[in-house]
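For reference, the chains in residue letters:
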Amino acid sequence: MKAFLAVLVVTLSAFAVRAEPAQIGPRAAWLVDQMDEGPLKAELAQCLAGPFERSRFSIGHRGAALQFPEHTRESYVAAARMGAGIVECDVTFTEDRELVCRHSQCDLHTTTNILAIPALAATCRQPFSPADPATGAKATAECCASDITLAEFRQLTAKMDAADRNATTLEGYMNATAPWRTDLYAGTGTLLTHAESIALLDGLGVDFTPELKAPAVAMPFQGEYGQRDYAQALIDEYKAAGIEPGRVFAQSFDLDDVRYWIAAEPDFGAQAVYLDGRYGDDGFDVIDPSSWQPGMDELAAEGVNILAPPLWMLLALDGEQRMVPSAYAGAAKAAGLDLIAWTLERSGPLAGGGGWYYQSVKPAIDGDGDLFAALDVLGREVGVRGVFSDWPATTTFYANCMGLE
C-alpha cells in the first residue's frame, strides 16, 4: 500500500505540473486583433477567455527575452508564469570553468553592466572604444565570461541585450534597447550559474533545454579542458541535481556534441537536439536535399531524434503565395525526426516581411497578426513538437487553443 501511495503521489505531482495555470496577458489578444479575417482568426478568438495551462510546446527562448534581460532569474520566472513548459539556459564557462547561463561566451559587453564597473571592465579583451564620426569608425568592445572568475561574474547585473555602435559615449553604447523592447523590467537582472538555473526551473516545475554554446576560446581551454569535458560537465550538473533525463533537451549547433551525448549519455542523448545552423555553410541550399550533409535519414541513423532549424527553413510558399511546409520539413518528418522551430517574437514588428526569421515566406508577412498564420502552419501542418519564443505567452496561448500539450 505504501508503494502504491508513493506512485500515486508522484503521478499526481506530475499531473499538477502539466496543469499549472498560465498567465497570458494582453499580447495574444492584440495579435489576434491584427489578423486578417478568416477561419484561423475566428478559431483563435474563441480561445481568448481561457483558461490556459502550461505546455511543453511553448519553449522560453532565453526565458522571456522580449521584455526581460535574457538568461536571468527574472526572465526564467516570467517564462514559467507565461506557461512555457521548457525554458532555455544557453551554457558557457568562466575562467575557472564554472558553467553559467549566457547566450555567448563573449557577450558580457552587450548583456551586462560590465563596462560600467571599472575593475571588471579592465578584464575585457577589447575595452570600450567610442565611435568616431569623423572617420566612420564604430564603437567597439568585447568582454568574455572566460576572462573572469565566477566570483567576478556574480558582481554583474544583466541588462537588455543591446549596444549602439554609433555611440560616442559609454552611456550611449550601453543604453541602446530597441524601441519595440523595453527597459521597464531591466533593473534587477540576476545572473545565474547553470546549476542555479536547474534548481530554479525545477522548482518552477518546468523542463530544461540547455544549449552548449561554442567556445570563443581555443580548446582545450587552459591546456586540458576539452570539448568533451565541457559537454559532459553540462550533463553532470543535471545528474548531480537528480533530474530525470527525459526532462532535459540538451542542444548544440555542433553535431559532434550531440553525437557525444548519444554515445556517452544515451539516456540524455535520446532527447538531444541538433540545432541546424548549416544555412550559413557554403553549398548548403534549403531547397536542395543533395546539399544536406548529412541528410535526414543519415541523422536518424546516427541516433539523432530531434532537429531544430530556424522557423524559415520549415516554411515555404505555394503557387498562391500561401505559407506551407517546406520540402526540408517534409523530409525531416519522413525520416522520423521530431522538429522544434526557433524563434518567434524576436523580429520586432512584422510589417514589411518580418526580417530574417521569415525570409522564406516574406511575401506572405505584412503585419504582426501573420505570426499566428506562420505558427499555425508550424503547429498543424509541419507538426513541430515545440516552438521557441521570446514571449512564450504567445505560444502557450496557441498551444492551449489547439490542444497541444
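This one's a predicted model, so the numbers in the text were calculated from it and none came from an experiment. (Residues numbered from 1 in each chain as written. Predicted model: local features only at pLDDT ≥ 70, side-chain atom pairs only at ≥ 80, totals over all residues. Heavy atoms only, no water.)

**Regarding the pairing of strand S3 (residues 90–93)**
Side-chain positions along a regular strand alternate between the two faces of the sheet.
Right, on to step 1. Neither face of S3 is exposed, since Asp-90 and Thr-92 on one face and Val-91 and Phe-93 on the opposite face are all buried.
Right, on to step 2. Examined bridge by bridge, S3 and strand S8 (residues 211–212) share 2 bridges and lie parallel to one another. Paired with Val-91 across the strands is Leu-212, a residue of S8.
Right, on to step 3. For S3 and strand S4 (residues 99–101), the ladder comprises 3 bridges, and the chain directions are antiparallel. If you follow Phe-93 over to S4, its bridge partner there is Leu-99.
Right, on to step 4. Counted between consecutive antiparallel strands, the loop separating S3 from S4 contains 5 residues, among which Arg-97 sits at a positive phi close to 65°. (Buried < 20%, exposed > 50% of the residue type's maximum accessible area, 1.4 Å probe, protein only. Helix = DSSP H or I, 4+ residues; strand = E, 2+ residues; numbered from the N terminus. Pairing = 2+ DSSP bridges.)

**Some remarks on the packing of helix H9 (residues 194–204) against helix H10 (residues 227–240)**
Right, on to step 1. Where H9 contacts H10, the axes come no closer than 10 Å and their chain directions differ by 40°. Our classification of the angle between H9 and H10 gives oblique. Judged by the twist between their axes, the crossing of H9 over H10 is right-handed. Contacts from His-194, Ala-195 and Ile-198 of H9 reach H10 at Leu-234, Glu-237 and Tyr-238.
Right, on to step 2. In the contact of H9 with H10, the residues fall into 4 nonpolar, 1 polar and 1 charged. (Axes fitted to C-alpha atoms, helices over the stretch in contact; angles between N-to-C directions. Parallel < 35°, antiparallel > 145°, perpendicular 65-115°, else oblique. Left-handed = near helix turned anticlockwise from the far one by under 90°. Contact = heavy atoms within 4.5 Å. Nonpolar A, V, L, I, M, F, W, Y, C, P; charged D, E, K, R; others polar.)

**What to know about helix H4 (residues 73–81)**
Right, on to step 1. Among the residues of H4, those classed as buried are Ser-75, Tyr-76, Val-77, Ala-78, Ala-79 and Ala-80.
Right, on to step 2. Note on H4: the residue one or two positions beyond its end, Gly-83, has a positive phi of about 95°.

**Digging into the side chain of Gln-105**
Right, on to step 1. Secondary-structure assignment places Gln-105 in the loop between S4 and helix H5 (108–111).
Right, on to step 2. Here Gln-105 falls in the buried class, since its relative accessible area comes to 1%.
Right, on to step 3. Within polar-contact distance, the side chain of Gln-105 engages the backbone nitrogen of Val-217 at 3.5 Å.
Right, on to step 4. Not counting chain neighbours up to four residues away, the residues in contact with Gln-105 comprise Thr-92, Phe-93, Cys-143, Cys-144, Ala-145, Ser-146, Pro-215, Ala-216 and Val-217. (Polar contact = N/O pair within 3.5 Å; in protein donor to acceptor, adjacent residues only side chain to side chain.)

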